[in-house]
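# Structural overview
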Amino acid sequence: MCGIVGIVSNGAVNQSIYDALTILQHRGQDAAGIMTCEGSQLYLRKSNGLVRDVFHTRHMLRLRGKMGIGHVRYPTAGCESSAEAQPFYVNSPYGLTLAHNGNLVNAESLKKNLFREDLRHINTDSDSEVLLNVFAHELQRRGKLRINADDVFAAVSGVHQRCKGAYAAVAMITGFGVVAFRDPHGVRPLVYGRRKNSEGYDYMAASESVALDSLGFELIDDVRPGEAVFLGYDGSIVTRQCADQPSYSPCIFEHVYLARPDSIIDNVSVYKARLRMGEALAEKIERERPQHDIDVVIPIPDTSRTAALQLANTLGIKYREGFIKNRYIGRTFIMPGQQQRKKSVRQKLNAIELEFRDKNVMLVDDSIVRGTTSQQIIQMARDAGARNVYFASAAPPVRYPNVYGIDMPTKDELIAHGRTVEQIAEEIGADWLVFQALDDLVEAVRKGNPDISEFDCSVFTGEYVTGGVDAEYLDHIEQLRSDAAKQDRRLADHEVIELHNNA
Ligand SMILES: O=P(O)(O)OC[C@H]1O[C@H](OP(=O)(O)OP(=O)(O)O)[C@H](O)[C@@H]1O
Ligand SMILES: NC(=O)CC[C@H](N)C(=O)O
Ligand SMILES: [Mg+2]
């Protein structure tokens, strides 16, 4: 889950793209990049770090032009080198750049085909560079010096035929426009909107609607699964369905954890979905333990707050902010290494003792993935004097790897994999553990938009909506992306062989 944005305006876009990336920062904390276009010239700045660290005034001044794309990265393929920060660039045809959220599951075979058949060289292990080159090849096949929106849509159709997996992307065609497109299952989110300018409208496509809101854009619509939205350099906008058989099957984990609560994804308010998750979980608690002795409900900040609040309301129990979050520490789950994640929980959260002493506390989190947070937080609650520590997860047990843009590729790193609920409770040290039922989670989200035919629930079920994910593939990514493999790569020297970058 990276964050992407593309803007076409009648004035400079550098500051708007920067602001949008800051708002999407929760989707990727490892690297950031902006590419802008002025006439036939492209300007790029990308590097590892948070948005505020990557772009200094001198970079911003050089990012000229009234059209551009941006990216915040949470790597799920390749390595963490700044050379794999995005946007990516390829010079032919026309000078193309691309920013991608998601993960291709057939990147390796595509890479071979690109080399053998399309005569294209890929310089990194990033699947996003593959995606860009497939798009480039499909556009090149049109064989035109001057293209129109139909050519762009035909190229997106070509991408849909060749690429498998999850991709929400913005691609910029030098001097011509920005196209935003989403894979035929719509796994990762993408919305677009407009803002009035002196001549017409500025257009923006972004991962989440909160980026539109904050910059004064009104939401037009979601980019539908398989659809492409072309934002012309001349201020025009055209949309087209480019997939033969699109199906609405977005990732449910966006609603559990990834997205901001103030976003609306596929017409579902994330905030309301989380409230409904809290309500359903409270009802399950009442069914399973009508005689419970919970004194107080305490969320584990940040993401679980919304669900925990409604859980407490439904149970009719006090809701208390017993943990205070250090606002300067980012999200721990999307940090690159387990050591860093472990250390960050303690730096990030601190208990207010009076909310715990001699009480039966119910801690609520949105999900338990590796168990890093829950293990430590339960101990902190005990250290603060809690009599009993109960734990509720607003999502079902996460038992299977994600292959669509969330970096949890190794089943053995998941605390719920191969364990019963009782065993998980023992592992994390909870006196009682309760998980949301999958049907209740699906219902909580679907209620916001009954047109969604199914959700990608693969982390809970092991069923992958796009197909193309078999045991061999899962073994392969496990070897590439386990914590141990990543640690080895981190120690290796990453020479940055890059095209021009505004350092
Ligand atoms: O079981 P784990 O592997 O610890 O993963 C799950 C935890 O990680 C996330 O929090 P995070 O700190 O990333 O972000 P938040 O502040 O948005 O809750 C999530 O909200 C859970 O608290
Ligand atoms: N989380 C994502 O969306 C990652 C995008 C891409 N696969 C990368 O690793 O850079
Ligand atoms: Mg959390």
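Residues numbered from 1 in each chain as written. Chains lettered and ligands numbered in written order. Predicted model: local features only at pLDDT ≥ 70, side-chain atom pairs only at ≥ 80, totals over all residues. Heavy atoms only, no water.

Our working definition: UniProt positions are given in the numbering used here, feature names are shortened, and annotations may be inferred rather than shown by experiment.
The name given to the protein chain in an unreviewed UniProt entry is Amidophosphoribosyltransferase, and the organism recorded there is Thiogranum longum. Under the UniProt heading Sequence similarities (unreviewed entry), the note attached to the protein chain is "In the C-terminal section; belongs to the purine/pyrimidine phosphoribosyltransferase family."

## Overview of the sheet that holds strand 2 (residues 31–38)
Sheet strands associate in pairs through backbone hydrogen bonding, adopting either a parallel or an antiparallel arrangement. Rules: What makes two strands pair is DSSP finding at least two bridges between them. Segments assigned H or I by DSSP are reported as helices when at least four residues long, segments assigned E as strands when at least two residues long, and all are numbered from the N terminus. Axis definition: a line fit to C-alpha positions, over the contact stretch in the case of helices; interaxial angles, taken between N-to-C directions, run 0 to 180 degrees.
Reading across the sheet, the 7 strands line up as 3-2-4-1-10-9-11 and stay open at both edges, with antiparallel pairing between neighbours. For this open sheet the edge positions go to strand 3 (41–48) and strand 11 (218–222), each flanked by a neighbour on one side alone. Neighbour-to-neighbour, the strand axes of the sheet open up by a mean angle of 15°, direction not taken into account. Relative to strand 4 (residues 67–73), strand 2 is paired through 7 bridges, and the arrangement is antiparallel. In the strand pairing of strand 4, Ala32 is matched with Val72.

## Some thoughts on the nonpolar core
To keep things clear, this is the line we draw: Joining through side-chain atoms within 4.5 Å is the link that ties buried Ala, Val, Leu, Ile, Met, Phe, Trp, Tyr and Cys residues into a set, and such a set is a nonpolar core. Throughout this description, buried means an accessible area under 20% of the type-specific maximum (1.4 Å probe, protein chains only), exposed means over 50%, and partly exposed covers the range between. Note that the domain bounds reflect an automated or database-derived domain assignment. Contacts are residue-level and defined by heavy atoms, with any inter-residue pair within 4.5 Å sufficient.
Counting residues in each nonpolar core, the largest one holds 59 residues, and the members touching the most others are Phe253 and Met362. Composition of this core by domain shows at least three residues from each of domain 1 (3–247) and domain 2 (274–325 + 346–448). What Met362 contacts, discounting residues up to four positions off in sequence, is Ile285, Ile294, Val296, Val297, Ile298, Tyr390, Phe391, Ala392, Trp432 and Val434.

## Re the site of ligand 2
Here is the rule: Nearness is defined per residue: one heavy atom within 4 Å of the molecule or strand is enough. Identification of polar contacts relies on pairs of N or O atoms within 3.5 Å, with a donor-acceptor requirement for protein atoms, meaning one able to donate a hydrogen and the other able to accept it, and with residues adjacent in sequence counted only if both atoms are side-chain atoms. Using a 1.4 Å probe, the Shrake-Rupley method yields the accessible areas, and only the shown protein chains count as cover for residues.
Neighbouring ligand 2 are 15 residues; Met1, Arg73, Tyr74, Gly102 and Asp127 lie closest to it. At 2.6 Å, a backbone N or O of Met1 approaches a nitrogen atom of ligand 2. Within the backbone of Thr76, one N or O atom sits 2.9 Å away from an oxygen atom of ligand 2. If ligand 2 stood free it would expose 300 Å²; the protein chains cover 100% of that surface. Mapped by element, the contributors of at least two residues to the shell around ligand 2 are strand 6 (96–104) and helix 5 (127–140).

## Quick notes on the UniProt feature "domain: Glutamine amidotransferase type-2" (unreviewed entry) in the protein chain
The residues that UniProt annotates with the feature "domain: Glutamine amidotransferase type-2" (unreviewed entry) are residues 2–234. Note that residues 2–234 is 27% helix and 34% strand, and that its end C-alpha atoms are spaced 28 Å apart.

## So, the packing of helix 9 (residues 270–288) against helix 14 (residues 438–446)
The criterion, for reference: Handedness of a helix crossing follows the sense of rotation of the near helix relative to the far helix, less than a right angle counterclockwise being left-handed and clockwise being right-handed.
Two elements in contact, helix 9 and helix 14, have axes separated by 8 Å at closest approach and are oriented at 150°. Crossing handedness for the pair helix 9 and helix 14: right-handed. Between helix 9 and helix 14, the contacting residues are Ala273, Arg276, Met277, Ala280 and Arg287 on the first element and Asp440, Leu441, Ala444 and Val445 on the second.

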